[in-house]
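# Observations on chain architecture
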Amino acid sequence: MSNLFQDLRFAIRNLRRSRGLVVAAVFSLAIGIGANTTIYSAIDALRSQELPFVEPDQLVVVWQSTSRGRPPVGRLGSGERPPSYQVAAEVAETAAAIEGIGFTVGGNTTVLSEPDESSRILPAEGIDFGLLRMLGTAPVLGRVYSPGDRLDTVDLKESRPIVIGYRLWQERFGGSPDALGATLRIGGYERPVIGVMPEGFRVVPAGTRATGEEPQVWLATDLTRVPGSAFMMPILRVRAGTDLDELATEIEALGLSAARSFGEDVEGFGMRVEGLQSVYFGDMEASFLFLLGAVSFVLLIACVNVANLLLARGKERRKELTIRAALGAKRGRLVGQLLAESLLLSCAGGAVGVLLAMGGNQLVSILAPAEFPPAVRSLAINPAALLFTAAVSILVSPCIGLLPGAAGIAR
């Protein structure tokens, strides 16, 4: 341990004589470390993004594929699509591990007619009658849709009662409980308000198919009137501890049987189960992981550049190192002293990299589209990111010190 402190003190004295090299090396490493820290922070924030539902880890989505498959929600070009309502409902009723099912489609809009006869577009989400109840998020006022609302529909299938968002409640009713039972002209129909969802609530998170705006209306459709439709994504609640691979095997068999019984195309039929967290954020996480790989190459290039600087400096110091070796200094000790210099440089680069990462996080927060999840649009340096930065800084030091160290004492 005493040797380490001596090496560090000696390294500090040597680096003071090469301030230009120190500045170039520290900032080269800081850019690479800072970029890696920012992307890692985004990945960590994305993975920690919690869905606003009760026990979200028990929610899954079922995809269907056939030889004539259409792209589904959030899976453009995959050849998969949501199964039809009738198939999904039959599977949910038959599979023992499934406790509930609901359907949704994001990115909808509707028209709100104002009292002065003007109108404006409202962001909305299409759902079925059972989804909000199955997800379990309690409204701040009133209730969510119930099976009884199927008896009061317009256009044969769409619910007349309406569940609205928190912002619309504040804008039109000033947050008053008198909003319950009041009517809004939405989509051309007078609709009584039966519930208000919490602020920020949305079924389909920003960044998937929804617009960046917070939904203000949830339009419930009676899918029993259109059983063959496949435009809504089915969300299933499964029992805790359910093995998704086993469930997928069971669901595929049940789905194939149901599709045949309903006369649907079963050529190339297949079904897949995916966790809801993965459905909503999997593609975005994959993009960030790709970026992490790209900025890792930036850090690698920075390490190579700094190693070249130290290599050139090591050649200049070869006479000094040769004399010290002739006086009895061991090769390992000399390499250790050179590695101490690289450790100081990498740690300094890591410290400056944290500052750059903080700026990078702010830049991401400013430039991130509204479609990004809130956790990504408000990045912060968290303990996990700091630990990541420290690990990268320590691991970088041998990368930039071994080659120059070996060359510097070569005889």
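Residues numbered from 1 in each chain as written. Predicted model: local features only at pLDDT ≥ 70, side-chain atom pairs only at ≥ 80, totals over all residues. Heavy atoms only, no water.

## A closer look at the overall build of the protein
- For the protein, the helix and strand inventory stands at 11 helices and 13 strands.
- Evaluated residue by residue, the protein yields a buried proportion of 47% over its 411 residues.
- Pairs at least 24 residues apart make up 76% of the contacts formed inside the protein by residues separated by at least 6 positions.
- Within the structure as shown, the protein displays about 19,300 Å² of accessible surface, and the carbon and sulfur contribution to it stands at 59%. (Helix = DSSP H or I, 4+ residues; strand = E, 2+ residues; numbered from the N terminus. Buried < 20%, exposed > 50% of the residue type's maximum accessible area, 1.4 Å probe, protein only. Contact = heavy atoms within 4.5 Å. Areas by Shrake-Rupley, 256 points an atom, 1.4 Å probe, with all protein chains shown as cover.)

## Some remarks on the nonpolar core
- Counting residues in hydrophobic clusters, the biggest one holds 53 residues, and the most contacted among them are Leu132, Tyr145, Val203, Ile235 and Tyr280.
- For this core, the element with the most residues is helix α7 (residues 276-316), which contributes 8 residues.
- Among the nonpolar cores identified, the runner-up in size contains 18 residues, and Val60, Ala95, Ala248 and Ala258 belong to it. (Core = buried A, V, L, I, M, F, W, Y, C linked by side-chain atoms within 4.5 Å.)

## Points about helix α3 (residues 85-94)
- Of all 10 residues making up α3, 7 are buried, and the element is well covered by its neighbours.
- Among the residues making up α3, those that are buried are Tyr85, Gln86, Val87, Ala88, Ala89, Val91 and Ala92.
- On its buried side, α3 packs onto β1 (59-65), β3 (98-113), β12 (233-238), α6 (244-261) and β13 (270-275).

## Regarding the confidence of the model for the protein
- In this model, the protein carries an average pLDDT of 81, and 80% of its residues clear a pLDDT of 70 or more.
- Note on residues 69-77: pLDDT is under 50 here. Beyond four places in sequence and across chains, it has 25 contacts. (pLDDT = per-residue confidence, 0-100.)

## Remarks on the side chain of arginine 237
- Within the secondary structure layout, arginine 237 lies in strand β12.
- No salt bridge forms around the buried arginine 237; measuring N to O, its nearest opposite-charge neighbour glutamate 55 is 4.1 Å away.
- Apart from residues no more than four positions distant in its own chain, arginine 237 is found in contact with Val54, Glu55, Gln58, Leu59, Ala97, Ile98, Glu99, Gly100, Met134 and Leu135. (Lys, Arg positive; Asp, Glu negative; His and termini not counted. Salt bridge = Lys/Arg side-chain N within 4 Å of Asp/Glu carboxyl O.)

## Let's talk about the packing of aromatic side chains
- By the definition in use, this model includes 6 aromatic pairs.
- Relative to tryptophan 169, the ring of tyrosine 166 lies with its centre 5.6 Å away and its plane at 75°, an arrangement referred to as edge-to-face. Of this pair, tyrosine 166 and tryptophan 169 both sit in helix α5 (residues 166-173), 3 residues apart, which is roughly one turn of the helix.
- Exposure remark for tyrosine 166: the relative accessible area of 25% places this residue in the partly exposed category.
- Ring centres of phenylalanine 201 and tryptophan 218 lie 5.6 Å apart, and the angle between their planes is 50°; on these two criteria the pair is classed as tilted. (Phe/Tyr/Trp six-rings, centres within 6.5 Å; stacked < 30°, edge-to-face > 60°.)

## Looking at α6
- Given a rise of 1.5 Å per residue, 18 residues ought to cover 26 Å, and the 25 Å separating the end C-alpha atoms of α6 matches this to within 8%.
- Leu247, Ala248, Ile251, Gly255, Ala258 and Ala259 are the residues of α6 that are buried. Within α6, the buried residues cover an arc of 100° as seen down the axis, which keeps them to one side. Exposed positions of α6 whose direction lies more than 90 degrees from the buried face are Glu246, Thr249, Arg260 and Ser261.
- Among the structural elements, β1, α3, β3, β12 and β13 are those in contact with the buried residues of α6. (Expected span 1.5 Å × (residues − 1). Arc of directions from axis to C-beta.)

## Here we look at a nonpolar patch on the surface
- A contiguous nonpolar patch, built from Ile31, Val298 and Leu356 and spanning about 240 Å² of accessible area, is present on the exposed surface.
- Judged by its relative accessible area of 39%, leucine 356 is partly exposed. (Patch = residues over 30% accessible without salt bridge, like charges linked within 9 Å, V, L, I, M, F, W, Y side chains within 5 Å.)

## What to know about the pattern of salt bridges
- Taken as a whole and assessed by the stated rule, the structure comprises 13 salt bridges.
- The salt bridge involving arginine 191 is made with glutamate 158; its shortest N-O contact spans 2.5 Å. Of this pair, arginine 191 sits in strand β10 (residues 189-196) while glutamate 158 is found in strand β7 (residues 158-159), placing the two residues 33 residues apart along the sequence.
- Of the residues examined, arginine 191 reaches a relative accessible area of 1% and is grouped as buried.
- Where salt bridges share partners, they join Glu114, Arg120, Arg167, Glu171 and Arg172 into one cluster.

## A short note on the pairing of β1
- Extensive coverage of β1 is indicated by the burial of 6 of its 7 residues.
- By the bridge criterion, 6 bridges tie β1 to β13 in an arrangement that is antiparallel. Note on β13: the bridge partner recorded for serine 65 is glycine 270.
- As defined by bridge partners, β1 adjoins strand β2 (residues 80-81) across 2 bridges and the pair is classed as antiparallel. Looking at the pairing, serine 65 lines up with glutamate 80 of β2. (Pairing = 2+ DSSP bridges.)

## Concerning the environment of glycine 275
- By secondary structure assignment, the location of glycine 275 is in strand β13.
- A C-alpha to C-alpha distance of 9.0 Å links glycine 275 and proline 56, two positions 219 residues apart in sequence.
- When residues no more than four places from it in sequence are discounted, the contact partners of glycine 275 are Leu59 and Val60.

## What about the side chain of asparagine 361?
- With respect to the helices and strands, asparagine 361 occurs in helix α9 (residues 331-367).
- The class of asparagine 361 is buried, set by a relative accessible area of 1%.
- Not counting residues up to four positions away in its chain, the partners in contact with asparagine 361 are Thr38, Ser41, Leu379, Ala380 and Ile381.

## Quick word on unusual backbone geometry
- The phi dihedral of glutamate 55 falls on the positive side, at around 45°, and the residue is not glycine.
- Of note, glutamate 55 is situated in the loop between α2 (19-48) and β1.

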